[in-house]
Amino acid sequence: MGPDTDPLPVVVVGAGPVGMAVALGLAQRGIRVTVLEAADTVSFGSRAICISRHSLEVAHRLGFGEAVEETALPWLGGRSYFREAEVISFRMPMAEHDVRAPMVNIGQSELEQIMVDRILADPLVTLAWRAEVVGFHDDGSVVEVGVSTVEGLRTLRARWLVATDGGRSRMRELAGLSLEGTSYEGRYVIADIHWPSDLPVERRVWFDPPTNPGSTVLMHRQPHDIWRVDYQIDPRADVDAELQEDRIREQIAQHLDWLGNDVPWTLEWHGLYMAHARALDDFVHGRVIFAGDAAHLVPIFGVRGLNSGLEDAETLAWMLAAVIDDRAEPALLQAYAVERRSAWEQNVSNAAKSTRIMTPGTQGYVDTREAILRLSAAYPAFGFLINPRQSSATHAHTSMLTWHADTQARGTLPGDPVPDWRVVGEDGSATTLNVLRGNGFGLLAFGFDDSMYAAVTAGAERLAKELAPEPTQLVLVNGTATPIGHPMIVDEQLQWALGARDGEVFVVRPDGLLLARLVDPTDLDQVSDSIRSGQAPEGGRMAPEWPDTTPPADRHLEHLWLSLSDAIDRVDQQDREGMLTRLAFLLGSLVPVNRFASALGSAVELGKDDRLDSVHAATEQGYPGGEAR
Ligand SMILES: Cc1cc2nc3c(=O)[nH]c(=O)nc-3n(C[C@H](O)[C@H](O)[C@H](O)COP(=O)(O)OP(=O)(O)OC[C@H]3O[C@@H](n4cnc5c(N)ncnc54)[C@H](O)[C@@H]3O)c2cc1C
């Protein structure tokens, strides 16, 4: 390390999962990377445990997906309880064509170790432990980085500095930047226990359990008989006292005893958690680029922290590699900044709702949560409001890089993620869409005949030369063309699910997002220019008024929940009951008397704890969810 040597192409600050993913993505594209890590080993304790289907796709593209899947525990859904009664169960989508489970559990430290092993096997990545960044200076063409090491202070020079040094980012502080947004009140004790229980792998949540009245308790199974137990602590409690190990053991023991446990267990790790929804305004500052928790924080409910950080990493890796290789102007990095800031907004919009259920901050939200939990026991539709909305891949509709789609386009639109899909290869063997399209740009040509195929092949070859060394792979989907050296998929359901029309070409980015839908394959000639400039033709950006895909009935319930909670918070405490009584009168006057009587009966019955498990409310048409459970 010395100030006179040639600048390194990229220095990554922080070997958390996001920094390591950036390094692997760059190395995959032939870029040399130096990763500086302040600690001397991977992090301890589970922290992020739930890895989404999309993150598994990222992990596979970066070369460590198989190792994760060998260890991780897949799961499909979960159950929520109110006091002693089970009030909802949910299942995440899992269709026959899905390649992976919607979610798998693996402790973050184990995931990090898998990534370290992958990095150590990569000659293009140098990982330096006990190398803490303590200063930097960006002169516009080179960034000088001050690093504290066991041998003293050292200076590195780099063309690009990627700051992935976590939620308490020193890099952010050194750059004079701060995260803006909201922090939530509720505090959770987070603990890992070793508990050889054979309970299923699912998300279980208890609201107001008898073992910890007023609190919320969450349990998740991880590999190696490790269980994650999170519980909310009383806002009036002394946090230091609550964090004493004896106290934590006592709380967890009460809960496990209540579950009927007779298997010995040990406390392995614990921490304190508060939910934050905060981000930098811009993720790119000169030659310093922020990613992961250093750039944004999202509440853990819905598990979007690490999952969104891996998306940052994959997008940044291909874009930064294109800039370093001079295939793109630095303007492309603005697309990274815009897309990932928008992804944070999407994540926060979902996570904020889950957080209001997990840690309702005001009396209005406390009251409505209890009502929703009780109603869910009889009317499953209310369960939508408690559904944890687990992390799913974010879109890039508002990116300047995302092409316009024509008005007839339906299904998967530019900016959307194109999910992996089980397909059968030409030789009859089982494979997947992602395997066939590869890790670079994928061109999916739908319903082509031989003459169209000849035209698209010529365009694809030109594009491949322009984008090299990023690979470009043409894949034929359905149609009558006879492929020469290109994979072919025959799967009408895939084409239907993507909403692709015969003759269309889907241009899929290396990070799995759809860049463009081309009705005219000669438009392929504009793809590399658009990447070079970081702009889609005609400026890109899908309309901001993107259709909300939430079913109208769910949207309606969500609106009721939010507006009722806010109204309860707005009125004087003494008038809450009065306001709700007036509201019931007003609404009751709008429906037939028998409907009102039946709703009244349910409302009364569902207030009795001993009736929650057995109550079956009236099933008249017009009630949410139709049939009661
Ligand atoms: C209790 C808890 C539960 C969570 N559960 C989930 C979940 O289920 N799913 C999910 O997706 N997310 C979850 N998250 C969020 C997830 O843990 C983070 O989003 C994730 O760790 C972010 O990764 P990162 O690489 O950006 O940062 P980090 O993992 O924080 O890594 C930053 C690294 O930078 C190093 N570093 C710091 N300063 C310097 C410096 N000056 N120089 C060099 N190195 C430095 C640190 O030592 C560290 O190794 C959870 C978080 C918590 C706290």
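Conventions used here
- The written sequence of each chain sets the order in which its residues are numbered from 1.
- Note on the predicted model: pLDDT of at least 70 is required for a residue's local features to be given, and 80 or more for side-chain atom pairs to be given and counted; whole-chain, interface and lining totals, by contrast, use all residues.
- Side-chain metrics rest on all non-hydrogen atoms present in the structure, leaving aside hydrogens and water.
- Under the scheme used here, helices are H or I runs from DSSP no shorter than 4 residues and strands are E runs no shorter than 2 residues, and both carry numbers assigned from the N terminus.
- Each patch is built from salt-bridge-free residues with over 30% relative accessible area, joining like charges within 9 Å and nonpolar side chains (Val, Leu, Ile, Met, Phe, Trp, Tyr) within 5 Å.
- Note on areas: these come from Shrake-Rupley sampling with a 1.4 Å probe, and a residue is covered only by the protein chains present in the view.
- Salt bridges are defined by distance alone: a side-chain nitrogen of Lys or Arg within 4 Å of a carboxyl oxygen of Asp or Glu.
- Only protein chains enter the area calculation, which uses a 1.4 Å probe; residues under 20% of their type maximum are buried, those over 50% are exposed, and those in between are partly exposed.
- Per-residue confidence from the prediction method is given by pLDDT, with values spanning 0 to 100.
- Contacts are residue-level and defined by heavy atoms, with any inter-residue pair within 4.5 Å sufficient.
- Note on pairing: two strands pair once DSSP finds at least 2 bridges between them.
- Here an axis means a line fitted to C-alpha atoms, over the contact stretch when the element is a helix, while the angle between two N-to-C directions is reported on a 0 to 180 degree scale.
- Any N or O atom pair separated by 3.5 Å or less is treated as a polar contact, with the protein-specific requirement of one donor-capable and one acceptor-capable atom, and with residues adjacent in sequence counted only for side-chain atom pairs.
- We call a residue near a given molecule or strand whenever any one of its heavy atoms falls within 4 Å of it.
- Using protein atoms alone on a 1 Å grid, points that fit a 1.4 Å probe yet trap it form a cavity, whereas open point sets bounded by protein on both sides within 12 Å along at least five of seven lines form a pocket; residues with an atom within 4 Å of a point count as lining.
- Grid points are joined across faces, edges and corners, and a volume is the space filled by probe spheres set on the points.
- Gly is placed with the polar residues, together with every amino acid not listed as nonpolar (Ala, Val, Leu, Ile, Met, Phe, Trp, Tyr, Cys and Pro) or charged (Asp, Glu, Lys and Arg).
- The length a helix should cover is 1.5 Å for every residue beyond the first.
- A pair of aromatic rings is counted whenever rings of Phe, Tyr or Trp (Trp by its six-membered ring) have centres within 6.5 Å, and the orientation is called stacked for planes under 30 degrees apart, edge-to-face for over 60 and tilted otherwise.
- By definition, being over a ring means that NZ of Lys or CZ of Arg is both within 6 Å of the ring centre and within 35 degrees of the ring normal.
- These domain boundaries are the output of an automatic or database domain assignment.
- When two parts are put together, the accessible area they lose, computed with a 1.4 Å probe and summed over both, is reported as buried area.

**A look at unusual backbone geometry**
A cis amide bond links Ala468 to the next residue, Pro469, at an omega of 10°. Tracing the chain through its elements places Pro469 in the loop between α13 (450-467) and β23 (472-479). In this structure, Arg83 is a non-glycine residue whose phi angle is positive, near 50°. Along the chain, Arg83 turns up in the loop between β5 (77-82) and β6 (85-91). Unusually for a residue other than glycine, His224 sits at a positive phi of about 60°. Mapped onto the elements, His224 comes out in the loop between β14 (216-221) and β15 (226-233).

**Focus: a nonpolar patch on the surface**
Judged by side-chain polarity, Leu564, Leu580, Leu583, Leu587, Leu590, Val591, Phe596, Leu600 and Val604 come together as a nonpolar surface patch covering roughly 740 Å² of accessible area. Mapped by element, the contributors of at least two residues to the nonpolar patch are α17 (576-588) and α18 (593-605). Tracing the backbone shows Leu600 in helix α18. On the basis of relative accessibility, which here comes to 46%, the residue Leu600 falls in the partly exposed class.

**Observations regarding the pattern of salt bridges**
Two side chains that carry opposite charge are able to pair once their charged atoms sit near each other. Under the counting rule described, the total for this entry stands at 33 salt bridges. Notably, a salt bridge pairs Glu314 with Arg61, separated by 2.4 Å at the nearest N-O pair. Of this pair, Glu314 sits in helix α8 (residues 305-324) while Arg61 sits in helix α2 (residues 53-62), and the two are 253 residues apart along the sequence. Residue class for Glu314 comes out buried when judged on its relative accessible area of 5%. Salt bridges sharing common partners tie together Arg79, Glu86, Glu202 and Arg204.

**Here's the deal with the confidence of the model for the chain**
Of the residues in the chain, 94% have a pLDDT of 70 or more, and the chain-wide mean is 91. Within the model, pLDDT remains below 50 along residues 616-622, and this stretch shows 17 contacts once partners closer than five positions in the same chain are excluded. Low pLDDT (under 50) marks residues 624-629, which in the prediction has 21 contacts with non-local residues, meaning those over four places away or in another chain.

**What about the sheet that holds strand β3 (residues 50-52)?**
Read from one edge to the other, the open sheet built from three strands follows the order β3-β7-β4, with strand pairing classed as antiparallel. Only two strands of the sheet have a single partner each, and these edge strands are β3 and β4 (73-75). Here the strands of the sheet are splayed against their neighbours by 35° on average, with no regard to which way each runs. Sheet topology places β4 next to strand β7 (residues 103-105); three bridges connect them, and they run antiparallel. If you follow Pro74 over to β7, its bridge partner there is Val104. Lying on the sheet, α2 is in contact with β3 and β7; it crosses β3 at an angle near 75°.

**As for the side chain of Asp230**
The topology assignment puts Asp230 in strand β15. Look at Asp230 and you get buried, because its relative accessible area is 6%. A polar contact of 2.8 Å, which involves the side chain of Asp230, links it to the side chain of Arg228. In this structure Asp230 touches Tyr188, Val189, Ile190, Ala191, Thr216, Val217 and Leu218, once residues within four positions along its chain are discounted.

**Quick look at the site of the ligand**
Taken together, 31 residues surround the ligand, and among them Glu37, Gln108, Asp293, Leu306 and Asn307 come closest. Between an oxygen atom of the ligand and a main-chain N or O atom of Cys50, the distance comes to 3.2 Å. Contact between the ligand and Asn307: an oxygen atom at 2.9 Å from a main-chain N or O atom of the residue. Look at the ligand: alone it shows 1000 Å² of surface, and the protein chains cover 87% of it.

**A short note on empty space enclosed by the protein**
This model, assessed by the stated rule, comprises five cavities of 30 Å³ or more. Its volume calculated, the largest cavity comes out at about 70 Å³. Lining of the largest cavity is provided by His54, Glu311, Glu314, Thr315, Arg340, Ala393, Thr394, Asp511 and Leu513. The leading source of residues in the lining of the largest cavity is α8, at three residues. Of the residues in the lining of the largest cavity, the class split is two nonpolar, three polar and four charged.

**A look at helix α10 (residues 363-376)**
The end-to-end C-alpha distance of α10 is 20 Å, a good match for the 20 Å that 14 residues give at a rise of 1.5 Å each. Regarding α10, the residues found buried are Gly364, Tyr365, Thr368, Arg369, Ile372, Leu373, Arg374 and Ser376.

**Here's the deal with the sheet that holds β23**
Strands in a sheet are paired, the pairing made by backbone hydrogen bonds, and the direction either parallel or antiparallel. Spatial strand order, β24-β23-β22-β25-β26: five strands in an open sheet with mixed pairing. The sheet is open, and its two edges are formed by β24 (488-489) and β26 (514-518), each paired on a single side. Two elements, strand β22 (residues 441-448) and β23, share seven bridges in a ladder whose sense is parallel. From the neighbouring strand, Phe448 faces β23, where its bridge partner is Gly479. Here α13 sits on the sheet in contact with β22, β23 and β25 (505-508), set at roughly 160° to β23.

**Section: the packing of aromatic side chains**
Tallying each qualifying case throughout the model produces seven aromatic pairs. Ring centres of Tyr365 and Trp561 lie 5.9 Å apart, and the angle between their planes is 85°; on these two criteria the pair is classed as edge-to-face. Of this pair, Tyr365 sits in helix α10 while Trp561 sits in helix α16 (residues 552-570); the two residues are 196 residues apart in sequence, bridging distant segments of the chain. Each member of the pair Tyr365 and Trp561 is classed as buried. Geometrically, the ring pair formed by Tyr379 and Phe382 is edge-to-face, given 6.4 Å between the ring centres and 70° between the ring planes. The same class applies to Tyr379 and to Phe382, which are both buried. The side chain of Arg287 reaches across the aromatic face of Trp160, ending 4.4 Å from its centre.

**Some thoughts on α2**
Along α2, nine of the ten residues are buried, which leaves the element largely enclosed by surrounding structure. The complete set of buried residues in α2 reads Arg53, His54, Ser55, Leu56, Glu57, Val58, Ala59, Arg61 and Leu62.

**Comments concerning the domain arrangement of the chain**
On domain assignment, one finds that the chain holds domain 1 (8-180 + 276-363), domain 2 (181-274) and domain 3 (422-533). Contacts between domain 1 and domain 3 engage 21 residues on the former and 20 residues on the latter. Both faces considered, domain 1 and domain 3 share a buried interface measuring about 1800 Å² in area, 45% of it formed by carbon and sulfur atoms. Of all residues in domain 1, Arg61, Trp318 and Arg327 bury the most surface against domain 3, accounting for 40% of the area lost on that side. Where domain 1 touches domain 3, the interface holds three salt bridges.

**Some points on the pairing of β15**
Burial analysis of β15 places eight of its eight residues in the buried class, which makes it a mostly covered element. On β15, burial covers both faces: Ile226, Arg228, Asp230 and Gln232 on one face and Trp227, Val229, Tyr231 and Ile233 on the other are all buried. In the sheet, strand β12 (residues 180-194) pairs with β15 via eight bridges, with the strands oriented antiparallel. Within the sheet, the bridge partner assigned to Arg187 lies in β15 and is Ile233. Examined bridge by bridge, β14 and β15 share five bridges and lie antiparallel to one another. Across the sheet, residue Arg221 finds its bridge partner in β15, namely Trp227. Linkage of β14 to β15, two consecutive antiparallel strands, is achieved through a turn of four residues, within which His224 is found at a positive phi near 60°.

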